[in-house]
Amino acid sequence: LGSDGHGRRSSTPPPAQEGLHLRTAAAYPHPKRMRLSEEHSSCCEDKISSLPDEMLILIIDKLDARTAISTTILSRRWRDLPTYPRTCYDLTVDDALPPRYHRLKQIVMEAKAGYEAEKNALKSDDSYASRDQLYSFKDWKWKVRLLTPILQRYERLAMRRYVKRVNAFLLAPNNVQQQSIQKLRLQACGTSNFTDQWITEAIGRWGVEDLELVIDNSCWRYDFRLLDGCKNVRLKRLVLSNCYHRFAPNPLTFQRLTSLTLCKESSRMPRVDDILRNCVQLVDLRLKDSSGCQPAFHIFVPNSKLKSLQLDNYNTVGVYLGLVPYLETFACRGQPTILHYGLVPRLRHVSLNFLQTGDDGKNDSSGSNRTYRLSKFFLGWPPPLEYLVLQLRGRQVSSFS
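Starting from 1, residues in each chain are numbered consecutively following that chain's sequence as written. Restriction of local features to residues with pLDDT of at least 70 applies here, the model being predicted, together with a cutoff of 80 or more for giving and counting side-chain atom pairs; totals for whole chains, interfaces and linings are based on all residues. Note: side-chain values were computed over all heavy atoms of the structure, leaving out hydrogens and water.

Under an unreviewed UniProt entry, the protein chain has the name F-box domain-containing protein and belongs to Aegilops tauschii subsp. strangulata.

**Observations regarding the pattern of salt bridges**
Salt bridge, as used here, is a side-chain nitrogen of Lys or Arg placed within 4 Å of a carboxyl oxygen of Asp or Glu. Inspection of every chain in the model, using the stated rule, returns seven salt bridges. One salt bridge in this structure joins Arg185 and Glu212, with 3.3 Å as the shortest N-O distance. With Arg185 in strand E2 (residues 183-189) and Glu212 in strand E3 (residues 210-216), the pair connects residues that are 27 residues apart, well separated along the chain. The partner of Arg205 in a salt bridge is Glu201, and the shortest N-O contact between them spans 3.2 Å. Of this pair, Arg205 and Glu201 are both found in helix H8 (residues 195-205), four residues apart, which corresponds to roughly one turn of the helix. Relative accessible area serves as the criterion here: at 16%, Arg205 is assigned to the buried category. Classification of Glu201 by relative accessible area gives partly exposed; the value is 22%. Residues joined by salt bridges that share partners form a network here, namely Asp90, Arg185 and Glu212. By definition, any uninterrupted DSSP run of H or I lasting at least four residues is a helix, any uninterrupted run of E lasting at least two residues is a strand, and each is numbered from the N terminus. A 1.4 Å probe rolled over the protein chains alone gives each residue an accessible area, and that area as a share of the maximum for its type sets the label: buried under 20%, exposed over 50%, partly exposed in between.

**Here's the deal with the sheet that holds strand E15 (residues 379-380)**
Pairing between strands is defined by DSSP: at least two bridges between the two strands are required. Pairing is parallel in the open sheet, where four strands are placed in the order E9-E11-E13-E15. Edge positions in the sheet fall to strand E9 (297-300) and E15, since each of these pairs with one other strand and no more. Strand direction decides the pairing type here: strand E11 (residues 318-323) and strand E13 (residues 338-343), joined by five bridges, are parallel. Residue Gly318 lies in a different strand from E13, and its bridge partner there is Ile338.

**With respect to the nonpolar core**
Leu184 and Phe330 are the most contacted members of the largest nonpolar core, which has 78 residues in total. Contacts: residue pairs with any heavy atoms within 4.5 Å of one another. Other than its neighbours up to four places away in sequence, Leu184 contacts Tyr89, Leu91, Phe169, Leu170, Ala202, Val208, Asp210, Leu211 and Glu212. Nonpolar cores were defined as sets of buried Ala, Val, Leu, Ile, Met, Phe, Trp, Tyr and Cys residues, with membership established by side-chain atoms within 4.5 Å.

**Topic: unusual backbone geometry**
Glycine aside, the phi torsion of most residues is negative, and most peptide linkages are trans. One non-glycine residue, Asn242, lies in positive phi territory at about 60°. Considering the arrangement of structural elements, one finds Asn242 in the loop between strand E5 (237-241) and strand E6 (243-245). Assessed through its relative accessible area of 8%, Asn242 is described here as buried. One non-glycine residue with positive phi stands out, namely Asp289, at about 55°. By secondary structure assignment, the location of Asp289 is in the loop between strand E8 (284-288) and E9. According to the relative accessible area criterion, Asp289 is partly exposed, its value standing at 33%.

**Considering the confidence of the model for the protein chain**
One number per residue, pLDDT, summarises how confident the predictor is, and it ranges from 0 to 100. Per-residue pLDDT for the protein chain averages 75, and the proportion of residues at 70 or more is 66%. Low confidence marks residues 20-24, where pLDDT is under 50. Its contacts with residues over four positions away, or in another chain, come to one contact. Taken together, the stretch residues 358-369 has pLDDT below 50 and engages in 22 contacts with residues farther than four places along the chain or on a different chain.

**Structural notes on the packing of aromatic side chains**
The rule is short: rings of Phe, Tyr and Trp, with Trp giving its six-membered ring, pair when the centres are within 6.5 Å, and they are stacked under 30 degrees, edge-to-face over 60, tilted in between. As enumerated under the stated definition, the model contains eight aromatic pairs in all. Note on Tyr222 and Phe224: the rings are 4.9 Å apart at their centroids and 90° apart in plane angle, and the pair reads as edge-to-face. Each member of the pair, Tyr222 as well as Phe224, is classed as buried. Relative to Phe378, the ring of Tyr341 lies with its centre 6.3 Å away and its plane at 15°, an arrangement referred to as stacked.

**Considerations on a positive patch on the surface**
The residues that make up patches have over 30% relative accessible area and no salt bridge, and they are joined within 9 Å when like-charged or within 5 Å when they are Val, Leu, Ile, Met, Phe, Trp or Tyr. Note on areas: Shrake-Rupley with a 1.4 Å probe; residue coverage comes only from the protein chains shown. When charges are counted, neither His nor the chain ends are considered; positive counts come from Lys and Arg and negative counts from Asp and Glu. Taken as the charge centre is NZ of Lys, CZ of Arg, CG of Asp or CD of Glu, depending on the residue. There is a patch of like positive charges on the surface, built from Arg100, Arg103, Arg153, Arg156, Arg160 and Lys164. Note on placement: Arg153 falls in helix H7 (residues 135-170).

**Remarks on the environment of Lys305**
With respect to the helices, strands and loops of the structure, Lys305 is situated in the loop between E9 and strand E10 (308-312). Look at Lys305 and you get partly exposed, because its relative accessible area is 41%. Between the alpha carbons of Lys305 and Thr258 there is a distance of 9.0 Å; along the sequence they are 47 residues apart. If near-sequence neighbours (up to four positions away) are discounted, Lys305 is found in contact with Val280, Gln281, Leu282, Val283 and Tyr326. Polar contacts involving the side chain of Lys305 include one to the side chain of Gln281, which spans 3.4 Å. In protein, a polar contact means a hydrogen-donor-capable atom and an acceptor-capable atom, both N or O and within 3.5 Å, with residues adjacent in sequence counting only if both atoms are side-chain atoms; elsewhere, any N or O pair within 3.5 Å suffices.

**Considerations on the sheet that holds E10**
The strand order across the open sheet built from 10 strands is E1-E2-E3-E5-E7-E8-E10-E12-E14-E16, with neighbouring strands paired in parallel fashion. The sheet terminates laterally at strand E1 (88-92) and strand E16 (387-392), the two strands that pair on one side only. Strand-to-strand twist across the sheet, computed as the mean angle between neighbouring axes with direction ignored, equals 5°. Direction of pairing for strand E14 (residues 349-354) relative to E16: parallel, over a ladder of six bridges. In the sheet register, Ser351 faces E16, and the bridge partner there is Val389. To get an axis, a line is fitted to the C-alpha atoms, and for a helix only the part in contact is used. The angle between two axes follows their N-to-C directions and goes from 0 to 180 degrees.

**Here's the deal with H8**
All of the buried residues in H8 are Thr195, Trp198, Ile199, Ala202, Ile203, Gly204 and Arg205. Looking one or two residues beyond H8, the residue adopting positive phi is Gly207, at roughly 70°.

In structure tokens:
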């Protein structure tokens, strides 16, 4: 390197050495430039898509529903992957709702809980103040009036995105490789014009074996006879919440069920009767969270294979186990009800959890002063039991096993 005339060394090479300097730089590039070029090439290269199908399928199974669906839609490589029957999808509208929606809804729920607590406290003190005089009721009513339009707007926007996402997944073109899904959960705010198509495609086309359908803030009626002509029906377990079967005879889909859970509006007694007539393979039946008091629950299924019956917060006048030859386990939780035992020769496990009843009636959430004798829970011909749990709330909790 030469001098600049002031005694300082110059970074510019002399003309004689310029060619040698360029050849040396080309032969030995700068280490920093090498790292940048390598990082650029590595960023542009899609290494994940070059993995074998088995590893890609394991990756998809670990993703949440939104990411998995987006990946299979945008990438041809991922879309054409064969799917195993173990694949499960949880498509909920909660994924499309912002965090602010859940915070506002929590405020409304806390205000309602405060009103219920104050009402129960006044009831225990034998106070008969009107509902409109309670501060907690006014606070809850004001918050509901203020926040309900905001919550509904969030739900409408979320449902639009949710409908597009589910349509892209379940209503795919016929040329898309057919999948075999073992478990699928659909949860929506209100109903959609595509709900019937979703159920038909999920059960009849994709062969879902385990389906859970939850309808919030509304109720939906579906005719399961639409699936009678489908050849790919493998449904074994069905969970319905606010979605019930139309009154129609002998749908073939129910004849294949081994597990059935009916929640809220789905658990109304006339609709349960209409379903149980055809569930000859049913092993597990659960009724949960009924609205209002239901008529007496009579079960008389001589040809049924039912082994487990659970009533969870199912408010009914009485339960009559007329003829259930294979029943082994019976559980009832919620408000107390009359229990009558008929021909249940294999029944060995009974669990009665009536924590809403006190021995003097004061702890009864229904507001009545009625007392309950133990004999009301063992009418008829109770079989010899191996395991019995009885829980009552009052001055003390009794548990027998």
